[in-house]
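As a plain string of letters, each chain reads:
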Amino acid sequence: MEIMNFARIEPLNDSNYGIWSMKIEALLDAKDLFEEVIENEEPKITENDPESVREHKAWSKKNKEAMGILVLSLTAEQAIIYKGIKKAKDIWNEIKLRFEGAVEDRKIDLMLELTSLKKSQSESIEEYLTRAQGLC
């Protein structure tokens, strides 16, 4: 795995799920892993069909790489939660389920804060605009 790609991805935390998921999806997609492993189902092995065995082996290799990327982008405390899960797709969906609700709550809080935003007398216009842009 290339360290340069990973160096720019901050580990997942309670406030960065949106940008984290966008960056991880882009990294997985760049490695041709997102569609193959996250969006599609695991290929079935058909008895007496060597092609299905090859497809499953290729998928398993990609699944392990995708799992490595996902787990390495988590904190130790988060990674332990997903320890027993063997498919990257399942880890991705569990993370999404766990953090997407928090993101929606945060968006609502930010929208409320933005609608009640007022410039303080000691604040310059630039500071006020920067604060407003940060909320956006």
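The chain goes by DUF4219 domain-containing protein in an unreviewed UniProt entry, where it is assigned to Araneus ventricosus.

Asks: Now, about the nonpolar core: what can you tell me, with residues and values included?
Replies: Membership of the largest hydrophobic core comes to 24 residues, with the highest contact counts inside it found for Trp20, Ile24, Leu28, Ile38, Leu70 and Ile95. Elements with a minimum of two residues in this core: α2 (17-30), α3 (34-39), α4 (50-72) and α6 (88-115). Non-local contacts of Leu70, meaning those with residues more than four positions away in its chain, are made with Trp20, Ile24, Ile38, Ala88, Ile91 and Trp92.

Asks: Residue-level account of α4, with values.
Replies: The end-to-end C-alpha distance of α4 is 33 Å, a good match for the 33 Å that 23 residues give at a rise of 1.5 Å each. By the burial criterion, the buried members of α4 are Ser52, His56, Trp59, Asn63, Ala66, Met67, Ile69 and Leu70.

Asks: Run through α2, naming residues and quoting values.
Replies: Under the 1.5 Å per step criterion, the end-to-end length of α2 is 19 Å for 14 residues, consistent within 8% with the ideal 20 Å. All buried positions along α2 are accounted for by Tyr17, Trp20, Ser21, Ile24, Leu27 and Leu28. Angular distribution of buried residues about the axis of α2 spans 130°; they occupy a single face of the element. Among the exposed residues of α2, those pointing more than 90 degrees away from its buried face are Met22 and Ala30. With its phi angle positive at about 55°, Asp32 sits one or two positions after the end of α2.

Asks: A description of the side chain of Asn63 should follow, citing residues and the corresponding values.
Replies: Residue position: Asn63 is located in helix α4. Its relative accessible area of 5% is what places Asn63 among the buried residues. Not counting chain neighbours up to four residues away, the residues in contact with Asn63 comprise Val37, Lys86, Lys87 and Ala88.

Calculation notes
The numbering scheme is per chain: residues are counted from 1 as the chain's sequence reads. Per-residue local features of the predicted model are confined to residues with pLDDT of at least 70, and side-chain atom pairs are confined, for both listing and counting, to 80 or more; whole-chain, interface and lining totals are unaffected and use all residues. Computation of side-chain values covers all heavy atoms of the structure but excludes hydrogens and water. By nonpolar core we mean a set of buried residues, namely Ala, Val, Leu, Ile, Met, Phe, Trp, Tyr and Cys, connected to one another through side-chain atoms within 4.5 Å. Between buried and exposed lies partly exposed: a residue is buried under 20% and exposed over 50% of the maximum accessible area for its type, with that area taken using a 1.4 Å probe on protein chains only. Only DSSP runs of H or I with at least four residues qualify as helices, and only runs of E with at least two residues qualify as strands; both kinds are numbered from the N terminus onward. What makes two residues a contact is simply this: any of their non-hydrogen atoms within 4.5 Å. To estimate how far a helix should extend, the number of its residues minus one is multiplied by 1.5 Å. Note: the arc covers the axis-to-C-beta directions of the helix.

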